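The primary structure of each chain is shown beneath.
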Amino acid sequence: MKYNMVWTISYLRSLTLPSRAAARFFEFPRFAGLLLAGLLMAGCAATPDPKDPGSVADFEQINDPIEPFNRGIFKVNQALDKTIIKPIALVYRDYTPDAFQNAVHNMLNNLRSPIILANDLMQGKLRRAWDTLARFLINSTMGFGGLGDPAYQLGYTFHNEDFGQTLAVWGLPNGPYIILPVLGPSNPRDTVGLVVDALIDPLNIWLSNTNREEFIFARSGVQGIDERARSIDTLDELEKSSLDFYAAVRSLYGQRRSDEISDGQPGANYPMPGISDNFPGENAPNQDAASRAP
Amino acid sequence: MFRRFFLAALLGAVLAIAGGGQVRAATSLEEGAKAFIDTVSGQALKSLTTKGVSRPERIERFRTLFKENFAVTAIGKWILGRYWPKATEEQQTEYLKLFEDLIVVSYVDRFAQYTGEGLKINKTLANNERMATVFSEITQPGNTAAVRVDWRVGKNSDSYKIFDVVVEGTSMSQTMRSDFGSIIRRKGGQISGLLEVLREKTAEFKKDAGAQ
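These figures come from a predicted structure and were not determined experimentally. (Residues numbered from 1 in each chain as written. Chains lettered and ligands numbered in written order. Predicted model: local features only at pLDDT ≥ 70, side-chain atom pairs only at ≥ 80, totals over all residues.)

Visitor: Can you walk me through the overall build of chain B in this structure?
Guide: The helix and strand tally for chain B stands at six helices and five strands. For chain B, the residues scored as buried account for 32% of the 212 residues in total. Within chain B, residue pairs in contact and separated by at least 24 positions form 53% of the contacts whose partners lie at least 6 positions apart. (Helix = DSSP H or I, 4+ residues; strand = E, 2+ residues; numbered from the N terminus. Buried ≥ 20, exposed ≤ 12 C-beta atoms within 10 Å, placed from the backbone. Contact = placed C-beta atoms within 7 Å.)

Visitor: What am I meant to see in the overall build of chain A here?
Guide: If you tally the helices and strands in chain A, you get 13 helices and two strands. The buried share of chain A, taken over its 294 residues, is 40%. By sequence separation, contacts in chain A at least 24 residues apart represent 67% of the contacts at least 6 residues apart.

Visitor: Help me understand the confidence of the model for chain B in this model?
Guide: Detailed reading of the predicted coordinates is not advisable wherever pLDDT falls low. Residue and element names in this part refer to chain B. Mean pLDDT over chain B: 86, with 85% of residues reaching 70 or higher. Per-element confidence in chain B is highest for helix 5 (residues 172-186), whose mean pLDDT is 95, and lowest for helix 1 (residues 2-48), whose mean pLDDT is 76. Interface scoring of the predicted complex returns ipTM 0.84; its pTM is 0.82. (pLDDT = per-residue confidence, 0-100.)

Visitor: Would you explain the sheet that holds strand 3 (residues 147-156) of chain B in this entry?
Guide: One key point about sheets: their strands pair by backbone hydrogen bonds, in either a parallel or an antiparallel sense. Read from one edge to the other, the open sheet built from five strands follows the order 1-2-3-4-5 (chain B), with strand pairing classed as antiparallel. The sheet terminates laterally at strand 1 (119-126) and strand 5 (170-171) of chain B, the two strands that pair on one side only. (Pairing = 2+ DSSP bridges.)

Visitor: How do you make sense of the pairing of strand 2 (residues 131-138) of chain B when you look at a structure like this?
Guide: On any regular strand, side chains alternate: one points to one face of the sheet, the next to the other face. All names here are of chain B. Of the pairings in the sheet, the one linking strand 1 to strand 2 comprises seven bridges and is antiparallel in character. Bridge pairing links Lys-120 to Glu-137 in strand 2. Connecting strand 1 to the antiparallel partner strand 2 that follows it, the hairpin turn spans four residues. Across eight bridges, the pairing between strand 2 and strand 3 is antiparallel.

Visitor: What is the right way to read helix 13 (residues 245-261) of chain A from this model?
Guide: Residues that lie three or four places apart on an α-helix share one face, since the helix turns once every 3.6 residues. Residues and elements named next belong to chain A. The end-to-end C-alpha separation of helix 13 is 24 Å, in line with the 24 Å expected for 17 residues at 1.5 Å each. Burial of helix 13 is extensive: 14 of the 17 residues sit out of reach of the surface. Positive backbone phi, approximately 55°, marks Asp-263, located one or two places after helix 13. (Expected span 1.5 Å × (residues − 1).)

Visitor: Any chance you could explain helix 4 (residues 89-112) of chain B here in plain terms?
Guide: With 24 residues, helix 4 of chain B should reach 34 Å at 1.5 Å per residue; the first-to-last C-alpha distance of 36 Å fits that figure. If you check which residues of helix 4 of chain B are buried, you get Tyr95(B), Phe99(B), Ile103(B), Val104(B), Val105(B) and Val108(B).

Visitor: Would you mind showing me how to read the nonpolar core here?
Guide: Soluble globular proteins tend to pack their nonpolar side chains together in the buried interior. Ranked by size, the top nonpolar core spans 31 residues in total, and within it Ala33(B), Ile75(B), Ala132(B) and Val153(B) carry the most contacts. Taken together, the elements giving at least two residues each to this core come down to helix 1, helix 3 (72-80), strand 2, strand 3, strand 4 (159-167), helix 5 and helix 6 (191-211) of chain B. When residues no more than four places from it in sequence are discounted, the contact partners of Ile75(B) are Pro273(A), Phe70(B), Phe163(B) and Ser173(B). (Core = buried A, V, L, I, M, F, W, Y, C linked by C-beta atoms within 7 Å.)

Visitor: How should unusual backbone geometry be read in this particular structure?
Guide: Of all residues except glycine, most have a negative phi; of all peptide bonds, most are trans. Residues and elements named next belong to chain A. With phi around 65°, Val-182 is a residue other than glycine that occupies positive phi space. The residue Val-182 is located in the loop between strand 1 (178-180) and strand 2 (184-186) in this model. The backbone of Asn-211 sits at a positive phi, close to 55°, despite the residue not being glycine. The residue Asn-211 is located in the loop between helix 11 (202-209) and helix 12 (213-241) in this model.

See the structure below:
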């Protein structure tokens, strides 16, 4: 757990409110109001000095044109987290048995299988689709309706997929960074992904058709608490060690999403420090352009 | 005619030798980088997870390991990026010291609670003639999936250094670069602003370290 950076971001993303919740959340007047406020504030965002190529490059690379507005929402989210979400997650983590927590986590993963399978297929990843299907069949039966994860022992490890990743694989750009109320870091592409995943989830559709919406909310709530409980240590540490928590989360979100989209395949030469004066007398063979003086 | 053929053959032979040399160099770089990470992680696990060691002592051990095995100056400089040349020499010196302090105090405690079995190296790939990436997994106790950790290792003659640690696709150096850069921008592009924040942050930590 201490080592687990994975959850740093994934928790923020996976507080997924399925269909009705999402629909209500994005209820037009409120959402439009927020958007308008955001755009207005973007007008007074710190735009770069067009004469300084370095700061223009930074501005484009950071990809956060409505930063002041995003920081506002981020602050509200943090307050909400500190007063409600995190305390609940702490109680859940520290006062319920580990076996119970594992069962809940397995169950949530199993319920997500149809969405993962659909996205595997939409991305044309048959091998991973097969893994997902096998996991679903094994865990739903031998795993007592998803409470256990015997598929893991059989070599079918869990992987996640979502429609935001599918859109990325299809070549859609992410668009600017945005912080969603409650849900946290996102961008237009991933936001569309969240809504589509919630809408095509067969369990949600069935619950909705049989007037059992309360279960949709319950599942979202449990999922949120599960993810938050798993990320407590990592996020605490990140908040402690970063100078600007907002900027650190923004960077991690981008990196994490790229990693998820590529299914963990190492990116070709992503920017990194190169050999320089630490080895005196030699030039840096692979210092990227951005790290040189402008 | 014959001469041309001879030249072509010679050229081919030279290329083949050079290419072979490159392959051999890459292999030895990969093997060296792998052995290096293996050793460092073993050392870290041994010296940092030992029970009954006081926190100040653990901090000292971590600092020694970090300075010996990480390209501290190169990473620190890269994180500042285009702001590095704008800093005065004194600022650069203080920055590098504070950067080291920040790393040491913020990561040292992560080892104390670790109870897994350590590092498993899956493969190593040379990025170019001087850099290689070591792909590893850190096992966790219980049924939890292992965490993917990639090490960017640079080589000069016989000395290896770590340039970046990438955990589940998130680079430590990249994240710090974004973090520090944001602070500098918010302080009007001034390095002094970053140094202020770094001093505060590390003082806070050092106080914590003293209290325990």
